[in-house]
Amino acid sequence: MKILVTGGAGYIGSHTVLALAEAGHDVEVVDNFVNSSAESIRRVEKLSGVKIPLHELDLRDEPGITALLDGAGFDSVIHFAGLKAVGESVRQPLDYYGNNLEGTLALVRAMQAAGTRQLVFSSSATVYGDRAPVPYTEEFEPLDSTNPYGRTKAMTEQILVDLAAADPSWRIALLRYFNPVGAHPSGEIGEDPNGIPNNLTPFIAQVAVGRLESLTVFGDDYDTADGTCERDYIHVLDLVDGHVAALEYLAEHPVGARAWNLGTGTGTSVLQVIRAFEKAAGVPVPYVVGPRRAGDLPVNYADATRAREELGWVATRGIEEMCADLWRWQSQNPQGFKG
Ligand code: NAD
Ligand code: UD1
């Protein structure tokens, strides 16, 4: 298949590009490097031995993305490009609505003009908001979120559902990721957040490598087994396998737009993640317990039944493998791609 990957230089995108290139697909990347660098793709080329055409372009440049797709014969697009920091989205909502919605609209209009009708979209478990019962199932409605970032995901899903309803030639997978963590086992590519990480596992890795002094556990008085929040952490390579399974499914099934959860189906607490990381890395992770973080839910995890039954996909990698791979990446690249 010939596949365009938007945001392919980013964390999940670079791992996906590697897997697609290794599987023999013809892959190209478009990225504006707002949260990444071309170094990730250079490393993907080194690992795969395949040259990856890399187009530096902002998706909101509609003539640019239209020209890129026009006559190029892409069978599918995997759309990772977007801004993703929850706190920043609260402070700068227009940047998030502008980038994530306008970028997607320009992309799908360009796809329509080019006759490319197969799309895999990066959605998020955040679209279940704070009212869905756990475990989250795809049937839950209405989609909403507690923050502007999450609302761009819920709104984009709605736009894509409406598009597929209006024109049944579209085949669109809405993949709702739970908490992607870990890295490629080579240690060559991984997550490289700008500034101080917001998310738990990059924060832990930066404490372990000595870039940060100690972790703050956001609350240990939740109604959970050990008092800390539980999340559904999923290895980035399992997530990648989910994208490949979705592409294969779309090629065979005219489904319109359909959502699938990509999670393991189990919750792991903050303290369990710290212990798993210490064991996998053999390095202590100093932490203090602080107050709860506003907006955090005690527990969430996926019901992953639909992906298993329809896509034939299940996550297979456990929390220790996620931590071991994360640590290999972080310890070999203490400053990320800049180091
Ligand atoms: P990332 O920031 O590493 O990758 C996103 C990439 O998109 C970056 O390379 C960035 O430079 C690029 N980009 C952003 N806006 C662009 C634009 N207008 N034009 C061109 N390129 C643009 O993030 P990630 O963790 O790899 O996430 C990929 C996708 O998955 C995002 O849409 C994100 O919202 C979604 N997602 C991520 C998580 C997570 O925890 N990482 C969870 C759920 C959903
Ligand atoms: C967060 C976002 C979610 C987004 C996801 C992307 C919030 C409220 N939610 O999810 O919308 O889709 O990232 O990956 O921001 N924790 C600590 N100390 C830290 C960091 C985190 O104790 O320094 C805890 C949190 O309280 C949480 C768990 O670790 O219980 C995971 O946190 P995080 O990695 O930020 O993910 P989510 O909050 O699940």
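As the structure is a computational prediction, the values presented were derived from the model and not from experiment. (Residues numbered from 1 in each chain as written. Chains lettered and ligands numbered in written order. Predicted model: local features only at pLDDT ≥ 70, side-chain atom pairs only at ≥ 80, totals over all residues. Heavy atoms only, no water.)

Novice: Got a minute to help me understand the nonpolar core in this structure?
Specialist: Generally speaking, nonpolar side chains in soluble globular proteins are found buried as a group. Of all hydrophobic cores here, the largest spans 64 residues; its most connected members are L175, I204, L215, I274, F277 and L311. Apart from residues lying up to four places away in sequence, L175 is in contact with V120, F121, S122, S123, S124, G242, H243, A246, W260 and L262. L57, L69, A106 and L174 belong to the second-largest nonpolar core, a separate cluster that totals 23 residues. (Core = buried A, V, L, I, M, F, W, Y, C linked by side-chain atoms within 4.5 Å. Buried < 20%, exposed > 50% of the residue type's maximum accessible area, 1.4 Å probe, protein only. Contact = heavy atoms within 4.5 Å.)

Novice: Help me understand the packing of aromatic side chains, please; the structure alone is not making it clear to me.
Specialist: Remark: the centre distance and the inter-plane angle together describe each pair of aromatic rings, the angle taken between the planes. By the definition in use, this model includes six aromatic pairs. A ring pair is formed by Y249 and W260, whose centres lie 5.3 Å apart and whose planes are at 75°; its orientation type is edge-to-face. In this pair, Y249 is assigned in helix α8 (residues 236-252) and W260 in strand β11 (residues 256-262), connecting sequence segments 11 residues apart. By the burial criterion, Y249 is buried, and W260 matches it. (Phe/Tyr/Trp six-rings, centres within 6.5 Å; stacked < 30°, edge-to-face > 60°. Helix = DSSP H or I, 4+ residues; strand = E, 2+ residues; numbered from the N terminus.)

Novice: Looking at this structure, how should I read helix α3 (residues 62-69)?
Specialist: Residues lying three or four places apart along an α-helix face the same way, a consequence of the helix completing one turn every 3.6 residues. Buried within α3 are the following residues: G64, I65, L68 and L69. The arc that holds the buried residues of α3, viewed along the axis, is 125°, so those residues lie on one side. Facing away from the buried side of α3 by over 90 degrees, the exposed positions are P63 and A67. Elements in contact with the buried residues of α3: β1 (2-6), β2 (26-31), β3 (54-56), β4 (76-79) and α5 (93-114). Sitting at the amino-terminal end of α3 is D61, which places a side-chain oxygen 2.9 Å from the backbone nitrogen of G64. Once α3 finishes, G71 follows within two positions and takes phi at roughly 70°, a positive value. (Arc of directions from axis to C-beta. Polar contact = N/O pair within 3.5 Å; in protein donor to acceptor, adjacent residues only side chain to side chain.)

Novice: Got a minute to help me understand the site of ligand 1 in this structure?
Specialist: Around ligand 1, the surrounding shell holds 26 residues, and the nearest of these are D31, N35, S36, K84 and Y149. At 3.3 Å, a backbone N or O of G10 approaches an oxygen atom of ligand 1. Here an oxygen atom of ligand 1 sits 2.8 Å away from a polar atom, N or O, in the main chain of F80. About the coverage of ligand 1: the protein hides 95% of its 830 Å² of free accessible area. When contributions to the shell around ligand 1 are tallied by element, the ones reaching two or more residues are α1 (11-22), β5 (118-124) and α6 (148-166). Classifying every residue of the shell around ligand 1 by side-chain character gives 12 nonpolar, 10 polar and four charged. (Near = heavy atom within 4 Å. Areas by Shrake-Rupley, 256 points an atom, 1.4 Å probe, with all protein chains shown as cover. Nonpolar A, V, L, I, M, F, W, Y, C, P; charged D, E, K, R; others polar.)

Novice: I would appreciate a short explanation of unusual backbone geometry in the present structure.
Specialist: A negative phi holds for most residues other than glycine; trans holds for most peptide bonds. Here the residue pair V134 and P135 is connected by a cis peptide bond, since its omega of 0° sits within 30 degrees of zero. Along the chain, E141 connects to P142 via a cis peptide bond; the corresponding omega equals -5°. You will see that F33, though not glycine, has its phi angle at about 60°, which is positive. Along the chain, the position of F33 falls in the loop between β2 and α2 (39-48).

Novice: When you look at the packing of helix α7 (residues 200-208) against helix α11 (residues 319-332) in this model, what are you seeing that I'm missing?
Specialist: Working note: a packed helix pair is described by the angle between its axes plus the distance between those axes. In the contact formed by α7 and α11, the axes pass within 10 Å of each other and the chain directions differ by 50°. In terms of axis orientation, α7 runs oblique to α11. In the crossing of α7 with α11, the sense of the turn from one axis to the other is right-handed. Every residue of α11 that contacts α7 at T201, P202, A205, Q206 and A208 is listed here: L326, W327 and Q330. Of the residues in the contact of α7 with α11, the class split is five nonpolar, three polar and no charged. (Axes fitted to C-alpha atoms, helices over the stretch in contact; angles between N-to-C directions. Parallel < 35°, antiparallel > 145°, perpendicular 65-115°, else oblique. Left-handed = near helix turned anticlockwise from the far one by under 90°.)

By themselves, these observations are geometric and do not establish any function.
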